[in-house]
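Now for the letters of each chain:
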Amino acid sequence: MLRSMLNGAVAMGWLACALFFLRFWKQSNERLFGFFSLSFLMQALTSAASGLIDAQDERRNYIYVARLVGFLIILYAIWDKNRGNRRR
Amino acid sequence: MAEAVYILCALTSVACAVLLLRAWKRTQSRLLLWSGLCFVGLAVSNVLLFVDLGLLPPSIDLYMPRQLSTLAAVSVLLYGLIWDAT
């Protein structure tokens, strides 16, 4: 019970962060914020999924793959941003 | 296979934290500081994930510390976004 509540709270927090970055992206048209928003949306989905999936379920590992993809999006976003600056 | 994913999660989140905090040092943008701190919390959570599921026996369960460090990371970022980011 406490576990699913924590998962829900974390998922809600990530969603709120994703929305903030979505707004920044809309306002500034900066791709970095769009990638951040996407990555945090991904984290929200993984939190929600790990709250819903049973601890013994084999598909649990895919949750961590999705989390990894979320982090890779951030790394790509930073690389993309730095590349853009250098070109200018 | 699963352990490789846990290690990669830990490594990528540490890399994100380092890159964001370095960018913050350069630009002094508060948003980068809060994002960097958020990823520090996530890195802690992911290192715990590897220790919990990869190293420790199943009898020891670090689920709560992992979840609480993730919650702390989210809370730091939300605090920054709401009060301080601009």
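Residues numbered from 1 in each chain as written. Chains lettered and ligands numbered in written order. Predicted model: local features only at pLDDT ≥ 70, side-chain atom pairs only at ≥ 80, totals over all residues. Heavy atoms only, no water.

As annotated in an unreviewed UniProt entry, chain A carries the name Lipoprotein and is attributed to Myxococcus stipitatus.

Asker: Give me helix H3 (residues 63-84) of chain B: which residues, what numbers.
Answerer: Between its first and last C-alpha, H3(B) extends 31 Å over 22 residues, near the 32 Å set by a 1.5 Å rise per residue. Taken as a whole, H3(B) has its buried residues at B:Tyr63, B:Arg66, B:Gln67, B:Ser69, B:Thr70, B:Ala73, B:Val74, B:Leu77, B:Leu78, B:Gly80 and B:Leu81. (Helix = DSSP H or I, 4+ residues; strand = E, 2+ residues; numbered from the N terminus. Expected span 1.5 Å × (residues − 1). Buried < 20%, exposed > 50% of the residue type's maximum accessible area, 1.4 Å probe, protein only.)

Asker: Tell me what's going on with helix H1 (residues 2-28) of chain A, and back it up with residues and numbers.
Answerer: The periodicity of an α-helix, 3.6 residues per turn, causes residues three or four places apart in sequence to face the same way. Here H1(A) is 27 residues long and its end C-alpha atoms lie 39 Å apart, about the 39 Å a rise of 1.5 Å per residue gives. Among all positions of H1(A), only A:Leu6, A:Asn7, A:Val10, A:Ala11, A:Gly13, A:Trp14, A:Cys17, A:Ala18, A:Phe21 and A:Phe24 are buried. Considering only its buried residues, H1(A) is in contact with helix H2 (31-52) of chain A together with helix H2 (30-55) and H3 of chain B. Two residues or fewer after H1(A) comes A:Asn29, characterised by a positive phi angle close to 60 degrees. (Contact = heavy atoms within 4.5 Å.)

Asker: Explain the side chain of B:Thr12 to me, and be specific about the residues and the numbers.
Answerer: Position of B:Thr12 among the secondary structure elements: in helix H1 (residues 2-27). Relative accessible area serves as the criterion here: at 8%, B:Thr12 is assigned to the buried category. In contact with B:Thr12, other than residues within four places in its own chain, are A:Leu68, A:Phe71, A:Leu72 and A:Leu75.

Asker: Which residues make up the environment of B:Leu37, and what values do they have?
Answerer: Mapped onto the fold, B:Leu37 is located in helix H2. Once the C-alpha coordinates of B:Leu37 and B:Val74 are considered, the two residues, 37 residues apart in sequence, prove to be 9.7 Å apart.

Asker: Hey, could you go over the UniProt feature "transmembrane region" (unreviewed entry) in chain B for me, with residue numbers and the actual values?
Answerer: Residue and element names in this part refer to chain B. Mapped onto this numbering, the UniProt entry annotates "transmembrane region" (unreviewed entry) at residues 6-24, 31-51 and 63-82. Split by type, residues 31-51 is 100% helix and 0% strand. Its first and last C-alpha atoms lie 30 Å apart. As a span, residues 63-82 carries 100% helix and 0% strand, and end to end its C-alpha atoms are 28 Å apart. (UniProt positions renumbered as here; feature names shortened; annotations may be inferred.)

Asker: Residue-level account of the pattern of salt bridges, with values.
Answerer: A side chain of one charge can pair with a side chain of the opposite charge when the charged atoms of the two come close. Taken as a whole and judged by the stated rule, the model has six salt bridges over all chains. Across the salt bridge formed by A:Arg3 and B:Asp61, the nearest N and O atoms sit 2.4 Å from each other. In this pair, A:Arg3 is assigned in helix H1 and B:Asp61 in the loop between H2 and H3, connecting two distinct chains. We classify A:Arg3 as partly exposed; its relative accessible area is 34%. A residue is classified by how much of its surface remains accessible, and B:Asp61, at 43% relative accessible area, is partly exposed. One salt bridge in this structure joins B:Asp52 and B:Arg66, with 3.2 Å as the shortest N-O distance. With B:Asp52 in helix H2 and B:Arg66 in helix H3, the pair connects residues that are 14 residues apart, well separated along the chain. In this pair, the class of B:Asp52 matches that of B:Arg66, namely buried. (Salt bridge = Lys/Arg side-chain N within 4 Å of Asp/Glu carboxyl O.)

Asker: So, the packing of H1(B) against H2(B): which residues are in play, and what are the values?
Answerer: Residues and elements named next belong to chain B. Packing of H1 against H2 brings their axes to within 8 Å, and their N-to-C directions diverge by 160 degrees. Comparing the axis directions of H1 and H2 gives the class roughly antiparallel. As for the relative orientation of H1 and H2, their crossing is left-handed in sense. A per-class count over the contact of H1 with H2 returns 22 nonpolar, six polar and one charged. (Axes fitted to C-alpha atoms, helices over the stretch in contact; angles between N-to-C directions. Parallel < 35°, antiparallel > 145°, perpendicular 65-115°, else oblique. Left-handed = near helix turned anticlockwise from the far one by under 90°. Nonpolar A, V, L, I, M, F, W, Y, C, P; charged D, E, K, R; others polar.)

Asker: For the interface of chain B and chain A, give the residues involved together with the corresponding values.
Answerer: The interface is formed by 34 residues belonging to chain B together with 28 residues belonging to chain A. At the junction of chain B and chain A, the tally comes to one salt bridge. The interface formed by chain B and chain A contains six residue pairs in polar contact (both at pLDDT 80 or more). Elements that contribute at least two residues to the side of chain B that touches chain A include exactly H1, H2 and H3 of chain B. Of the residues that constitute the side of chain B that touches chain A, the class distribution is 24 nonpolar, seven polar and three charged. (Polar contact = N/O pair within 3.5 Å; in protein donor to acceptor, adjacent residues only side chain to side chain.)

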